[in-house]
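Below are the chains, spelled out letter by letter.
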Amino acid sequence: MMQREFAGEASVTKAVIPAAGWGTRFFPITKAQPKEMVPVVDRPVVQYVVEEAVASGCDDILIITGRNKRAIEDHFDISAELNEHLRNSGDLKLLAESERLSSLANIHFIRQKEQRGLGDAVLCARQHVGDEPFAVLLGDVICVPMPGERPCTGQLIDVFRRYGAPVIGVETVPDHKISDYGIIDGTLIEDRVYQILDIVEKPLLSETPSNVGAMGRYVLTQEIFEILGRTKPGKKGEVQLTDALRKYPEMYGFMPKNTRYDIGDIPGWVVSNLQLLMQDERYRNLIMKVFSPSNIIS
Ligand code: G1P
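Conventions used here
Residues numbered from 1 in each chain as written. Predicted model: local features only at pLDDT ≥ 70, side-chain atom pairs only at ≥ 80, totals over all residues. Heavy atoms only, no water. Helix = DSSP H or I, 4+ residues; strand = E, 2+ residues; numbered from the N terminus. Buried < 20%, exposed > 50% of the residue type's maximum accessible area, 1.4 Å probe, protein only. Contact = heavy atoms within 4.5 Å. Areas by Shrake-Rupley, 256 points an atom, 1.4 Å probe, with all protein chains shown as cover. Lys, Arg positive; Asp, Glu negative; His and termini not counted. Charge placed at Lys NZ, Arg CZ, Asp CG, Glu CD. Near = heavy atom within 4 Å. Polar contact = N/O pair within 3.5 Å; in protein donor to acceptor, adjacent residues only side chain to side chain. Nonpolar A, V, L, I, M, F, W, Y, C, P; charged D, E, K, R; others polar. Arc of directions from axis to C-beta. Core = buried A, V, L, I, M, F, W, Y, C linked by side-chain atoms within 4.5 Å. Salt bridge = Lys/Arg side-chain N within 4 Å of Asp/Glu carboxyl O.

### Remarks on the overall build of the protein chain
- A tally of helices and strands in the protein chain yields 11 helices and 13 strands.
- Oriented by its inertia axes, the alpha-carbon framework of the protein chain measures out at about 60 × 50 × 40 Å.
- In the protein chain, which comprises 298 residues, the proportion classed as buried is 48%.
- Across the protein chain, every contact between residues at least 6 apart in sequence was considered, and the portion connecting residues at least 24 apart equals 75%.
- Summed over all atoms, the accessible surface of the protein chain reaches about 14900 Å², with 53% contributed by carbon and sulfur.
- Once the 34 positive and 41 negative side-chain charges of the protein chain are each reduced to a mean point, those two points are 3 Å apart.

### With respect to the site of the ligand
- For the ligand, the full set of nearby residues is Leu118, Leu138, Tyr181, Gly182, Glu201, Lys202, Ala214, Met215, Gly216, Gln240, Thr242 and Arg260.
- Interatomic distance of 2.9 Å between a backbone N/O atom of Gly182 and an oxygen atom of the ligand.
- When the ligand is considered free in solution it has 380 Å² of accessible area, and contact with the protein chains removes 85% of it.
- Looking at the shell around the ligand, the element that brings in the most residues is strand S11 (residues 212–220), giving 3 residues.
- When its residues are assigned to classes, the shell around the ligand shows 5 nonpolar, 4 polar and 3 charged.

### A word on the environment of Asp60
- Position of Asp60 among the secondary structure elements: in strand S4 (residues 60–65).
- In the structure, Asp60 is positioned 69 residues away from Val129 in sequence and 9.5 Å away in space, judged by C-alpha atoms.

### Details of the environment of Thr153
- Along the chain, Thr153 turns up in helix H7 (residues 152–163).
- Separated by 121 residues in the primary sequence, Thr153 and Leu274 place their C-alpha atoms 24 Å from one another.
- Filtering out sequence-adjacent residues up to four positions away, Thr153 remains in contact with Glu52, Ser56, Ala135, Leu137 and Arg217.
- Reaching out from Thr153, the side chain makes a polar contact with the side chain of Glu52 at a distance of 2.6 Å.

### Considerations on the side chain of Asp140
- Mapped onto the elements of the fold, Asp140 is located in the loop between strand S6 (134–137) and strand S7 (141–145).
- Its relative accessible area of 16% is what places Asp140 among the buried residues.
- Residues in contact with Asp140, not counting those within four places in the same chain, are Lys35, Val45, Tyr261, Asp262, Ile263 and Gly264.

### Observations regarding helix H4 (residues 92–102)
- Turning to H4, its buried residues are Leu95, Ser98 and Leu101. The arc enclosing the buried residues of H4, seen along the axis, measures out at 125 degrees, which places them on a common side. For H4, exposure combined with an orientation more than 90 degrees from the buried face picks out Leu92 and Lys93.
- Structurally, H4 contributes buried residues whose contacts are with helix H1 (45–55), helix H2 (70–76) and helix H3 (80–88).

### So, the nonpolar core
- In terms of nonpolar packing, the biggest core is built from 35 residues, with Val50, Ile61, Ile63 and Phe76 touching the most fellow members.
- Take this core: its biggest share by element is 6 residues, from H7.
- Apart from residues lying up to four places away in sequence, Phe76 is in contact with Val46, Gln47, Val50, Ile63, Leu101, Ser102, Leu104 and Ile107.
- Core analysis: the second largest hydrophobic core is formed by 31 residues, Ala121, Tyr194, Ile224 and Phe225 among them.

### Some remarks on the pattern of salt bridges
- Overall, the coordinates contain 21 salt bridges when judged by the stated rule.
- Between Glu36 and Lys69 there is a salt bridge whose closest N-O contact spans 2.9 Å. Of the two residues, Glu36 is situated in the loop between strand S1 (14–18) and strand S2 (39–40) and Lys69 in the loop between S4 and H2; the sequence distance between them amounts to 33 residues.
- For Glu36, a relative accessible area of 2% puts it in the buried group.

Geometric values such as these leave the question of function open.
Written out as structure tokens, the structure is:
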């Protein structure tokens, strides 16, 4: 099998972050700013995603953007005036953070000129990625690994290196969410690892092959570009990554040891903020106080 050549090889160093969507589920927050810049606790969501890629060993990151996404580029760029101001005012902690942000990784940007779907966004990475395996991290998903575990993408890369074939991060999906996910048909072949036979984008509950769905992290190989190039628009009239994935001759699903926060819509964003605030020792007591029975007016 062609992909076998990657088994046991040096790690995956390229990551692609599709961040071109309109963010209509966040309107009007996203009228003038990208949804990837929506803050979660103390950082824009895209920063979590970039930091996960870097902590997973990817130092070359391509963010697929579109119009109205300049703020993402500015966030990871050097801000000379701000740094100068922080230096002059002796705010050295913030200066260090500002400098850390602009040197996290080699971050590149490319624009998806028309919003033709996730598959088309990934296809925009073709030239940049070349013939190397690469990770895809969806820009509206935050993954927090279980204590002692590698970041989610790193866990997928480990599985990719073991099997030498593309790996999709998966998780158990509740019935009422099945039609929001790409759902796999597969066989559990070892703890947390599925051999995938097929994957269907957003099936009806009555037609779903399982309750195991793609959770927003992938490790793919160059073959996906050729497949995407001939993939016709599917669900919602968009080129779906899922429709291309199902044409891979061999691929695996891996259920990472982590907690996933879905920032895809306002309820998910609100819940994620509260859950992450509760895990943050700087804010836990404050949140407990706000929600203590004596403060809740019924
Ligand atoms: C996308 C993918 C879907 C996947 C999901 C994970 O859907 O198309 O297969 O399960 O991300 O978050 P979206 O949420 O962009 O509609």
